[in-house]
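Each chain is listed here by its residues.
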2 protein chains.
Amino acid sequence: MSEKRIGRQTVRLEKPVSVLAGAAVGGDKEGDGPLGRCFDYISEDSYFGEASWEKAESRMLKQCFSLACDKANIAPSSLDAIFGGDLLNQCTASCFAMRDSGAPFFGLYGACSTMAEAAALAAMFIDGGFGSTAAAQSCSHFCSAERQFRFPLEYGGQRTPTAQWTVTAAGALILGRDGGAPYITHVTAGKIVDAGICDAANMGAAMAPAAFDTLTAHFEDTGRSPQDYDIIVTGDLGYVGSKALAGLFEHEGIELENHLDCGLMIFDRERQDVHAGGSGCGCCASVLASLLLSGMREGRWNRMLFAATGALMSPTTSQQGESIPGICHAVAFDTGVQ
Amino acid sequence: MSEKRIGRQTVRLEKPVSVLAGAAVGGDKEGDGPLGRCFDYISEDSYFGEASWEKAESRMLKQCFSLACDKANIAPSSLDAIFGGDLLNQCTASCFAMRDSGAPFFGLYGACSTMAEAAALAAMFIDGGFGSTAAAQSCSHFCSAERQFRFPLEYGGQRTPTAQWTVTAAGALILGRDGGAPYITHVTAGKIVDAGICDAANMGAAMAPAAFDTLTAHFEDTGRSPQDYDIIVTGDLGYVGSKALAGLFEHEGIELENHLDCGLMIFDRERQDVHAGGSGCGCCASVLASLLLSGMREGRWNRMLFAATGALMSPTTSQQGESIPGICHAVAFDTGVQ
C-alpha cells in the first residue's frame, strides 16, 4: 500500500492541490435565491441566448468555464486536463461546451456527484504528477432535465412533496499544483450503495445511504471526526435526504452539527416553491465555486468536507422497476490555517 | 512541468502499470465473428437471462468484470478503484453492474472512447500512488443501443452503407502496480475535435479527425513514429473512418502500415451484414481484453498503441442540427521486450 492511500477508500495527497479560481453561473431563479449575489453571472434569459434548453445548458457551462479560466489567468487551451460531466443523455452539455477548449478532456458521469468526482480526479491528476493545472466542472438546467427525466414543461405536472428542483447553474474550479489556499488535501472515493429506494421523486432518500457510507469511510480512513471540520457539505440531499442522513448518523450516536446541504442552501424553500430543495449536477458545483470557495478564502471556514451525492438511475431503469443506486464522493478542502 | 508530462497531451508513467488480467464477454453475433474464439464467454441468449436489453447489458458487464477479477485472482471488493462507463443514458449499464462490487467507482462517459479513457485514468491512478489495483471496463449492447439511439428493433429500419453495427460485448482489464507484462507505459489524452460532420449514420467520418489529432499528438509528444509500434489499433472507425484516417495521414506523407481497427476486426463484413463495421463501447473494449491482450502475452506484438475513438453526440443534439464532436484517447502498451 502506498503512502498516499490511508484507508480503504481515502487518499491523502502528497502535496495539497491549490484551488486557483472558481466561477459560478446561474439562472433567474438561482439569482433570486439566498446565494444569488455569490454567483459570477446570473442570466435572466433561461435560454442563455440559444434556441434550445440543451444548447442553453452548454452555453452556460462554457461561460462558467471561461470565467474560471479568466479568473485563474489561464488560457483554456493551456490546461493540462478538463474533468467534467452533466445529467444530459450522453453528457452532451459538457462535450459541446468543451469542443472548442483545445485542452485534453475526460468526460465523467456521476449524476449529481459529478462535481466531487471531477475535483477528486483533477486533484489526483495534479498530485500524481501528470499535469500542473486542471479544470473540474459540472452543470444542470431545470428545463433540459425536466423534459428528459420527467415531463414536458408544458404538461405542468404536479410535483410530490419529496421532489427536488433541478438547479439551473454551472460551477467550475481551476486547480493548480502551485498556488495558495484553499487546498484539496484528501479524496474519499465512493462505492455505489443501493438501499432499495424506488421512488424517482425521492432522490434524497436514495442518496442519503451513499452519503452516510462515504462520510463514515472518510472518518474511519482519516481518523478524523465530524468536529474536525468547520463544515461538512453534502451535494443535494435536500430536506428529506438531509433528515435521513442525520438519522443514520444519530443511529451511530453521532450528531452532525456542522452539516449543510447545497440543495437546502441555494433556494428559499418557503418562498421559492422547490418542495424538498434543489438538485442537479449544477447545484453543489455552483455553491462550491461561489459561496463555499469565497467562504474559505475569507477565513469563514478553514476545513471543509465537500461530499456530493448522485442518484445513478435513468428514466428507463425506473420504468423497468429498478431501485435507485446512490454514490457519494468526498473531497476535503483546507486553508492550511489551524 | 513534471517529468511524467512529456508533451502537450502525453504522460509517460514513472513505472509502467501491469495488465494483470482481462476478460471479454460477447453475444451470439460476436461469437460467430472472426474473434469469437478469443472471448471468455459467448451468450447465445441476447437477453443474458434478463427481462430487458438494458438489464442484459448490465448482466453482461457484471459477468465480464467478475471473470477479469477471477483471472487476476483479486476479490472485486478489494480493488482500489473501478473506472468505467457505457452508452446508455446516464451510463446505467455500468452503474447497475457495479452496484454490488463494494469498490470505489468512478463513472466515465467518453462514448466509444470509454475503454481507453478508463485504462488511461486507471493507469494514472496507480502510477500516481493512489492505489495498487484498478479495473478499467466498458460495454455496449446492440439492442439497447439501437432502440435508444435509432429505431425500435421491431421497426426494421434500413441501414445506410456508412452505418456501423453496435457490438454486443463487454471488456474489462485489471491493472496492477506490481505484476508482469504487458504494461501500460504512456497515455495521450484526447481533445474534442469537431470536423462538422452531421450524419449520425456516419460515425466513422466524425471520429477520424479526432483519431488523427490524438495519434499526431502522441507521435509529436513521444518522438515516436508509427513504425515504432507493432500495431496501432483504433477503436471503431470502421471502414469509412479507417479510410478517412489513412487519408489524413497520407496528406501528411505518412503511411499507417500497421493500423488495425477493432470495428473491422470483430465482424466479417462480407458475411455478417454489418455495413461499415462494428461500433459501440464494447467493441474495442472486448477486442483489447481478448485478442490484443493475448497477442501481446504471446509475443505476437511487443508494442501497441491503443486509440479508442468516441462520437460525443446524442439523438437530441443531432435532432437539433448539431454536428458530431469526436474524441480519441490513446494508451501505449508494451511487453518490455525489444
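Residues numbered from 1 in each chain as written. Chains lettered and ligands numbered in written order. Predicted model: local features only at pLDDT ≥ 70, side-chain atom pairs only at ≥ 80, totals over all residues. Heavy atoms only, no water.

### So, the overall build of chain A
Okay, step 1: Along chain A, the regular secondary structure elements total eleven helices and 13 strands.
Okay, step 2: For 338 residues, the compact-globule estimate of 2.2 N^0.38 gives 20 Å, and the C-alpha radius of gyration of chain A, at 18 Å, lies within 12% of that figure.
Okay, step 3: Considering only C-alpha atoms, chain A reaches an extent of 55 × 50 × 35 Å along its principal axes.
Okay, step 4: For chain A, buried positions account for 65% of its 338 residues.
Okay, step 5: Excluding contacts between residues fewer than 6 apart, the proportion of contacts in chain A whose partners are at least 24 apart in sequence is 77%.
Okay, step 6: As displayed, chain A offers around 11200 Å² of accessible surface, 48% of which is attributable to carbon and sulfur atoms.
Okay, step 7: A distance of 4 Å separates the average location of the 24 positive side-chain charges in chain A from that of its 39 negative side-chain charges. (Helix = DSSP H or I, 4+ residues; strand = E, 2+ residues; numbered from the N terminus. Rg over C-alpha atoms; globule rule 2.2 N^0.38 Å. Buried < 20%, exposed > 50% of the residue type's maximum accessible area, 1.4 Å probe, protein only. Contact = heavy atoms within 4.5 Å. Areas by Shrake-Rupley, 256 points an atom, 1.4 Å probe, with all protein chains shown as cover. Lys, Arg positive; Asp, Glu negative; His and termini not counted. Charge placed at Lys NZ, Arg CZ, Asp CG, Glu CD.)

### Observations regarding the packing of helix 6 (residues 203-222) of chain A against helix 7 (residues 238-251) of chain A
Geometrically, a packed helix pair is captured by the angle between its two axes and the distance between the axes.
Residues and elements named next belong to chain A.
Okay, step 1: Taken N-terminus to C-terminus, the directions of helix 6 and helix 7 make an angle of 40°; their axes are 8 Å apart at the nearest point. With respect to their mutual orientation, helix 6 and helix 7 come out oblique. Crossing geometry of helix 6 relative to helix 7 is assigned as right-handed. Residue-level inspection shows Gly 204, Ala 205, Ala 208, Pro 209, Ala 211, Phe 212, Leu 215, Thr 216 and Phe 219 of helix 6 in contact with helix 7, the latter providing Val 240, Gly 241, Ala 244, Leu 245, Leu 248 and Phe 249.
Okay, step 2: Of the residues contributing to the contact of helix 6 with helix 7, the split by class is twelve nonpolar, three polar and no charged. (Axes fitted to C-alpha atoms, helices over the stretch in contact; angles between N-to-C directions. Parallel < 35°, antiparallel > 145°, perpendicular 65-115°, else oblique. Left-handed = near helix turned anticlockwise from the far one by under 90°. Nonpolar A, V, L, I, M, F, W, Y, C, P; charged D, E, K, R; others polar.)

### Side note on the interface of chain B and chain A
Okay, step 1: Counting from both sides, the interface comprises 64 residues of chain B and, opposite them, 64 residues of chain A.
Okay, step 2: Buried area between chain B and chain A, both sides added, is near 5200 Å², and the carbon and sulfur share of it is 57%.
Okay, step 3: Its largest share of buried area at the contact with chain A, chain B owes to B:Gln90, B:Arg99 and B:Phe130, together 16% of the area lost on that side.
Okay, step 4: Summed over the shared surface of chain B and chain A, the number is ten salt bridges.
Okay, step 5: Where A:Arg8 meets B:Asp80, a salt bridge forms, and the shortest distance between an N and an O atom there is 3.6 Å.
Okay, step 6: Applying the counting rule to chain B against chain A returns 32 residue pairs in polar contact (both at pLDDT 80 or more).
Okay, step 7: Looking at the side of chain B that touches chain A, the elements with two or more residues in it are strand 1 (10-26), helix 2 (53-71), helix 3 (92-97), strand 4 (105-107), helix 4 (114-127), helix 5 (142-149), helix 11 (315-319) and strand 13 (326-334) of chain B.
Okay, step 8: It is helix 4 of chain B that provides the largest number of residues to the side of chain B that touches chain A, a total of five residues.
Okay, step 9: When grouped by side-chain class, the residues that make up the side of chain B that touches chain A number 29 nonpolar, 21 polar and 14 charged. (Buried area = accessible area lost by both parts, 1.4 Å probe. Salt bridge = Lys/Arg side-chain N within 4 Å of Asp/Glu carboxyl O. Polar contact = N/O pair within 3.5 Å; in protein donor to acceptor, adjacent residues only side chain to side chain.)

### So, the relation of the copies chain B and chain A
Okay, step 1: Structural alignment of chain B on chain A gives an RMSD of 0.0 Å, achieved by rotating through 180° and translating 0.0 Å along the axis. Within this description, the copies of the chain are treated as partners about a two-fold rotation axis. (Least-squares fit on C-alpha atoms with pLDDT ≥ 70 in both.)

### Some details on the pairing of strand 5 (residues 133-140) of chain A
Residues and elements named next belong to chain A.
Okay, step 1: Here strand 5 lies mainly inside the structure; eight of its eight residues are buried.
Okay, step 2: Taking every second residue as pointing to the same face, both faces of strand 5 are buried, with Thr 133, Ala 135, Gln 137 and Cys 139 on one and Ala 134, Ala 136, Ser 138 and Ser 140 on the other.
Okay, step 3: As paired strands, strand 3 (residues 81-86) and strand 5 are joined by six bridges and run parallel to one another. Its bridge partner lying in strand 5, Gly 85 is registered against Ser 138.
Okay, step 4: In terms of strand pairing, strand 5 meets strand 7 (residues 169-176) through eight bridges, oriented antiparallel. Opposite Cys 139, over in strand 7, you have Ala 170 as the bridge partner. (Pairing = 2+ DSSP bridges.)

### Looking at empty space enclosed by the protein
Okay, step 1: Enumeration over the complete set of coordinates arrives at three cavities of 30 Å³ or more.
Okay, step 2: Reported here for the largest cavity is a volume of approximately 80 Å³.
Okay, step 3: Along its surface, the largest cavity is lined by A:Leu121, A:Met124, A:Phe125, A:Phe130, B:Leu121, B:Met124, B:Phe125 and B:Phe130.
Okay, step 4: If you list the elements that add at least two residues to the lining of the largest cavity, you get helix 4 (114-127) of chain A together with helix 4 of chain B.
Okay, step 5: Classifying every residue of the lining of the largest cavity by side-chain character gives eight nonpolar, no polar and no charged. (1 Å grid on protein atoms, 1.4 Å probe; cavity = no way out; pocket = protein on both sides within 12 Å on 5 of 7 lines; lining within 4 Å. Points joined across faces, edges and corners; volume = space filled by probe spheres on them.)

Everything listed here is a matter of coordinates, which is why it stays silent on function.
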